[in-house]
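# Structural features, examined
One letter stands for each residue in the lines below.
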Amino acid sequence: LNGVEPQFRVLPADVVASCRKQYAPSPETICLLNVGGTNQRKNILTVLKVVASLHRQGFSVCLWKTGGEFTPEQAAFIEKQQIAQQIVHFGNPDKETLVSLYNAADLLLSPSLYEGFGLTLIEAMACGTPVITSNVSSIPEVVGDAAILVDPLDVEAITAAVCRIQQDNSYCQKLVNHGLLRSKFFSWQKTAEQVAQIHEHLLIN
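Rules used in this analysis
Residues numbered from 1 in each chain as written. Predicted model: local features only at pLDDT ≥ 70, side-chain atom pairs only at ≥ 80, totals over all residues. Heavy atoms only, no water. Buried < 20%, exposed > 50% of the residue type's maximum accessible area, 1.4 Å probe, protein only. Helix = DSSP H or I, 4+ residues; strand = E, 2+ residues; numbered from the N terminus. Pairing = 2+ DSSP bridges. Axes fitted to C-alpha atoms, helices over the stretch in contact; angles between N-to-C directions. Parallel < 35°, antiparallel > 145°, perpendicular 65-115°, else oblique. Left-handed = near helix turned anticlockwise from the far one by under 90°. Contact = heavy atoms within 4.5 Å. Nonpolar A, V, L, I, M, F, W, Y, C, P; charged D, E, K, R; others polar. 1 Å grid on protein atoms, 1.4 Å probe; cavity = no way out; pocket = protein on both sides within 12 Å on 5 of 7 lines; lining within 4 Å. Points joined across faces, edges and corners; volume = space filled by probe spheres on them.

For strand S1 (residues 30–35), the tally of buried residues reaches 6 of 6 residues, placing the bulk of the element in the interior. The alternating pattern of S1 places Ile30, Leu32 and Asn34 and Cys31, Leu33 and Val35 on opposite faces, both of which are buried. One ladder, built from 6 bridges, connects S1 with strand S2 (residues 61–66); its direction is parallel. Directly across from isoleucine 30, in S2, lies its bridge partner valine 61. Of the strand pairs in this sheet, S1 and strand S4 (residues 107–110) are connected by 2 bridges, and their pairing is parallel. Along S4, the bridge assignment pairs leucine 33 with leucine 108.

Have a look at this one:
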């Protein structure tokens, strides 16, 4: 059972604005967030391909990356596509910074090839951030109808999903609302109640 810590929440608008001012090149920039490692199953190359695609189409785009360093393959792709300017790498930020990044990002892009659970998806939702993630493994079960589910290798479909979130305000707001509701299912209190129910059930039987 997994729970989201109460620290992951919607922050006041001024805090979000100051974070964006610090890390987004311009107010119009689409800020994509990716949280976690850079190993094969995290499918970071697809994330970088989406950044390159948006950049080529003339969008102002920025990838905020937390977690491990890029692999040699990923670094070579960044260099070849000349998108280093579009990437801010935060390493492993403290929780306060991470919560600010979730809040200030336009969306969480997490096209993992496999996840046991996918806690970052729920953390983003708890911060009121739309999520684009994979339609594979345990992920659809975790996010329900509160995220955009895509083929994790379909760069075109993912790029289109990013544009839709950017351009369709009511759709974006619907994702945010569904995400906030969904994240409540995974609060520690909820988890504690579920564990208590299981114990009770075992004791009765």
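In contact at an axis separation of 7 Å, helix H5 (residues 119–126) and helix H8 (residues 169–184) are set at 120 degrees when each is read in the N-to-C sense. As summarised for this structure, H5 and H8 are arranged oblique, according to the angle between their axes. The interaxial crossing formed by H5 with H8 has left-handed handedness. Together, Ile122, Met125 and Ala126 of H5 and Gly179, Leu180, Arg182 and Ser183 of H8 make up the contact between the two elements. Looking at the contact of H5 with H8, its residues break down into 4 nonpolar, 2 polar and 1 charged.

Turning next to the layout of surface pockets. By volume, the largest pocket amounts to about 260 Å³. In this structure, the largest pocket is lined by 15 residues; those nearest its centre are Ala105, Asp106, Pro130, Cys172 and Val176. Elements with a minimum of two residues in the lining of the largest pocket: helix H1 (13–23), helix H4 (95–104), helix H7 (155–167) and H8. The leading source of residues in the lining of the largest pocket is H8, at 4 residues. Here the lining of the largest pocket is built from residues that sort into 7 nonpolar, 6 polar and 2 charged. Taken as a whole, the second largest pocket encloses approximately 160 Å³ of empty space. With 3 residues, helix H2 (residues 44–56) is the single largest residue contributor to the lining of the second largest pocket.

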